[in-house]
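Structure assessment
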Amino acid sequence: MSFEDIIFYFFSAVLVSSALGVITARNPVHSALLLVLAFFTSAGLWLLLEAEFLAITLVLVYVGAVMVLFLFVVMMLDINLDQLREGFWKWFPFGAFLALLMAGEMAMVLMGKQFGADEMPAPPSRGADYSNTKELGRLIYTEYVYAFELAAVILLVAIVAAIALTLRRRTGIKSPDVAQQVAVKRKDRVRMVSMPSEKKE
C-alpha cells in the first residue's frame, strides 16, 4: 500500500465519521462544526485527485462563507430541539428508504465492474500547458452553464431565507424607536445638579 492510499483511507475515514456526526449530533452547533471538518477532508481528497481549484473553492466558499452563515443562523435562531424531534419516528421509514437508496447507488459506483461501468473514457493527455482550472471554467460556462446558474439562484434563495428567519419577530426583545430617540430634547437628556462643595474638617 502506497503513501497516497494511506492518506486517502485516512481522509475517507475522517469524512465518513464527520458526516455521520453531522446527522447524529444533538447540538446543531456541533453539527455545523462537524460539517466544516467534512468540507476540509473533502478538500484533501480533491487535492489527491489533482483538482486544486475545486479544493480551494470548497474551503473558501463553503467553509469560509456558507458555513459561517449557517453558524450565525443556528446561533441566532431559538431552536426548540424537543419540537424538532417530535416527528422523527413519523418520517423514519421514508428516511430509511432514502438511506438504502443512496447506499445502493454508492455500491453500484464502487462495484462498477459488476455493472459494466468499467469502460470509462481515458483522461485527456496532460501536457506542460494543461490547466484543470481552465478546463473546469470551459465546461462550466459552456456545457453546464444552466446548472451553474441554477445553483447560484438556489444559494441566493437560501441566503434570503436565512436572513428572513433571523428577522422574525420574537417576544422579549427590546428594539429601539428611532422617532422617539430623535424627538428627545437636550433638557431631557442632561440634568444639572447643584451640589455644595465639601470642606475638610
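Right, let's walk through the structure included here. It should be emphasised that the depicted structure is a prediction, and the values quoted were computed from it without experimental measurement. (Residues numbered from 1 in each chain as written. Predicted model: local features only at pLDDT ≥ 70, side-chain atom pairs only at ≥ 80, totals over all residues. Heavy atoms only, no water.)

**As for the overall build of the protein**
When helices and strands are counted, the protein shows 9 helices and 0 strands. Listing every helix and strand of the protein by position from the N terminus yields α-α-α-α-α-α-α-α-α. Looking at the 201 residues of the protein, the share that counts as buried comes to 13%. Across the protein, contacts joining residues at least 24 apart in sequence account for 60% of those joining residues at least 6 apart. For the protein, the exposed surface amounts to about 17,400 Å²; the carbon and sulfur share of it is 67%. (Helix = DSSP H or I, 4+ residues; strand = E, 2+ residues; numbered from the N terminus. Buried < 20%, exposed > 50% of the residue type's maximum accessible area, 1.4 Å probe, protein only. Contact = heavy atoms within 4.5 Å. Areas by Shrake-Rupley, 256 points an atom, 1.4 Å probe, with all protein chains shown as cover.)

**What to know about helix 1 (residues 3-24)**
An ideal rise of 1.5 Å per residue puts 32 Å on 22 residues; helix 1 measures up with 32 Å between its terminal C-alpha atoms. Of the positions making up helix 1, those classed as buried are Ser 12, Val 14, Ser 18 and Gly 21. (Expected span 1.5 Å × (residues − 1).)

**Observations concerning the packing of aromatic side chains**
Applying the stated criterion to the full structure yields 4 aromatic pairs. Centre to centre, the rings of Phe 8 and Tyr 9 are 5.4 Å apart; their planes meet at 65 degrees, and the pair counts as edge-to-face. Since its relative accessible area comes to 38%, Phe 8 is described here as partly exposed. With centroids separated by 5.4 Å and ring planes inclined at 70 degrees, the aromatic side chains of Tyr 141 and Phe 148 adopt a geometry described as edge-to-face. In this structure Tyr 141 comes out as exposed when scored by relative accessible area, which is 54%. (Phe/Tyr/Trp six-rings, centres within 6.5 Å; stacked < 30°, edge-to-face > 60°.)

**Topic: the pattern of salt bridges**
As enumerated under the stated definition, the model contains 1 salt bridge in all. Among the salt bridges present, the one from Arg 138 reaches Glu 135, with a minimum N-O distance of 3.1 Å. Here Glu 135 and Arg 138 lie together in helix 6 (residues 132-140), a separation of 3 residues that amounts to about one turn. (Salt bridge = Lys/Arg side-chain N within 4 Å of Asp/Glu carboxyl O.)

**So, the nonpolar core**
Among the nonpolar cores identified, the biggest contains 10 residues, and these are Val 29, Ala 32, Val 36, Phe 39, Ala 43, Ala 55, Leu 58, Val 63, Met 67 and Leu 71. Excluding residues within four positions of it along the chain, Val 63 makes contact with Val 36, Phe 39, Phe 40, Leu 58 and Val 68. (Core = buried A, V, L, I, M, F, W, Y, C linked by side-chain atoms within 4.5 Å.)

**Quick notes on unusual backbone geometry**
The phi angle at Glu 50 is positive, at roughly 60 degrees, despite the residue not being glycine. Position of Glu 50 relative to the elements: it lies in the loop between helix 2 (28-48) and helix 3 (52-76).

**Topic: a nonpolar patch on the surface**
On the surface, Trp 91, Phe 94, Phe 97, Leu 98, Leu 101, Met 102 and Met 106 cluster together into a nonpolar patch covering about 770 Å² of accessible area. Tracing the backbone through its elements, the reader meets Phe 94 in helix 5 (residues 88-110). For Phe 94, a relative accessible area of 47% translates into the label partly exposed. (Patch = residues over 30% accessible without salt bridge, like charges linked within 9 Å, V, L, I, M, F, W, Y side chains within 5 Å.)

**Quick look at the packing of helix 1 against helix 2**
Put simply, helix 1 and helix 2 touch, their axes get as near as 8 Å, and they point 155 degrees apart. It follows that helix 1 is roughly antiparallel to helix 2 by the angle criterion. Considering only the axes of helix 1 and helix 2, their crossing is left-handed. Listed contacts from helix 2 to Glu 4, Ile 7, Phe 8, Phe 11, Ser 12, Val 14, Leu 15, Ser 18, Gly 21 and Val 22 of helix 1 are Ser 31, Leu 34, Leu 35, Leu 37, Ala 38, Thr 41, Ser 42, Gly 44, Leu 45 and Leu 48. (Axes fitted to C-alpha atoms, helices over the stretch in contact; angles between N-to-C directions. Parallel < 35°, antiparallel > 145°, perpendicular 65-115°, else oblique. Left-handed = near helix turned anticlockwise from the far one by under 90°.)

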